[in-house]
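This is what each chain is made of:
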Amino acid sequence: MMIPGRKMKELGEFTSMSLTQRMAAFAMFFGAGGFMTFMSLLFLPTIVLHPAKFALSFTFGNLLCIASTWFLVGPRAQLQSMFDPSRRTAASVYVGSLLFTLIFAFFGGSMRYLLVLISVIIEVLALVWYTLSYVPYGRDILKRCCGLLVTIE
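Residues numbered from 1 in each chain as written. Predicted model: local features only at pLDDT ≥ 70, side-chain atom pairs only at ≥ 80, totals over all residues. Heavy atoms only, no water.

## Remarks on the nonpolar core
Soluble, globular proteins show a tendency: their nonpolar side chains are buried together.
Phase 1 of the analysis: Residues Ile47, Ala52, Phe54, Ala55, Leu56, Phe58, Leu102, Phe104, Ala105, Val116 and Val120 constitute the largest nonpolar core, which totals 11 residues.
Phase 2 of the analysis: Excluding residues within four positions of it along the chain, Phe104 makes contact with Arg112, Leu115, Val116 and Ser119.
Phase 3 of the analysis: Counting eight residues, the second largest nonpolar core, distinct from the first, contains Ile66, Met82, Ala91 and Tyr94. (Core = buried A, V, L, I, M, F, W, Y, C linked by side-chain atoms within 4.5 Å. Buried < 20%, exposed > 50% of the residue type's maximum accessible area, 1.4 Å probe, protein only. Contact = heavy atoms within 4.5 Å.)

Below, the structure written as structure tokens:
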């Protein structure tokens, strides 16, 4: 697998790991993130009573998956891709919802339940919208499907 010179230089600045080590780190982080996200589904039935349990495992799973790509392309390239003008808003809402979910889960006070629930809903919607920004015509297809659902009575 060849990596262009500029990306290789950035990766060299980020880590002194070999390509094999970076691939292994990617697999471990992505696997751990996928596992955490899967485990969050086990807490889904209890989201009404304890939304923070679901929120924490789901959010940490997402953070691990995002961090995994840093081993492949480097943090600068990942952030540039995330905050490209075509997906800047989606990425900002997504990252913001990740942060707010964690803040509300740990420091929500008496409004913790409602704040965590709202932030998780925003997080899931932002994740879908952000992910579709990488799929050609993905957002347009979703808009059309939602438009069909609204017009069907």
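From this point, the discussion proceeds with the structure in view.
## A short note on the packing of aromatic side chains
Phase 1 of the analysis: Inspection of the entire model under this criterion finds six aromatic pairs.
Phase 2 of the analysis: Considering the side-chain rings of Phe100 and Phe104, the 5.6 Å spacing of their centres and the 25 degrees angle between planes classify their relative orientation as stacked. Here Phe100 and its partner Phe104 are both found in helix α5 (residues 88–107), four residues apart, which amounts to about one turn of the helix. (Phe/Tyr/Trp six-rings, centres within 6.5 Å; stacked < 30°, edge-to-face > 60°. Helix = DSSP H or I, 4+ residues; strand = E, 2+ residues; numbered from the N terminus.)

## Let's talk about the environment of Asn62
Phase 1 of the analysis: Within the secondary structure layout, Asn62 lies in helix α3 (residues 51–73).
Phase 2 of the analysis: Distance in space between the C-alpha atoms of Asn62 and Glu123 is 9.8 Å, their sequence separation being 61 residues.

## Brief notes about helix α6 (residues 112–132)
Phase 1 of the analysis: In this model, α6 (21 residues) spans 30 Å end to end at C-alpha, consistent with the 30 Å of a helix rising 1.5 Å per residue.
Phase 2 of the analysis: Of the residues making up α6, those classed as buried are Val116, Ser119, Val120, Glu123, Ala126, Tyr130 and Leu132. (Expected span 1.5 Å × (residues − 1).)

## Looking at a nonpolar patch on the surface
Phase 1 of the analysis: A cluster of nonpolar residues, Val48, Leu49, Val93, Met111, Tyr113, Leu114, Ile118 and Ile122, forms a patch on the protein surface that exposes about 720 Å² of accessible area.
Phase 2 of the analysis: With four residues, the top contributor of residues to the nonpolar patch is α6.
Phase 3 of the analysis: Structurally, Leu114 can be placed in helix α6.
Phase 4 of the analysis: Using a relative accessible area of 41% as the deciding quantity, one classes Leu114 as partly exposed. (Patch = residues over 30% accessible without salt bridge, like charges linked within 9 Å, V, L, I, M, F, W, Y side chains within 5 Å. Areas by Shrake-Rupley, 256 points an atom, 1.4 Å probe, with all protein chains shown as cover. Salt bridge = Lys/Arg side-chain N within 4 Å of Asp/Glu carboxyl O.)

## Notes on the side chain of Glu123
Phase 1 of the analysis: Counting through the fold element by element, Glu123 comes out in helix α6.
Phase 2 of the analysis: Although Glu123 is buried, it forms no salt bridge, and the closest oppositely charged side chain is Arg112 at an N-O distance of 13 Å.
Phase 3 of the analysis: For Glu123, the residues in contact, after removing those within four places along its chain, are Phe58, Thr59, Asn62, Tyr94, Ser97, Leu98 and Thr101. (Lys, Arg positive; Asp, Glu negative; His and termini not counted.)

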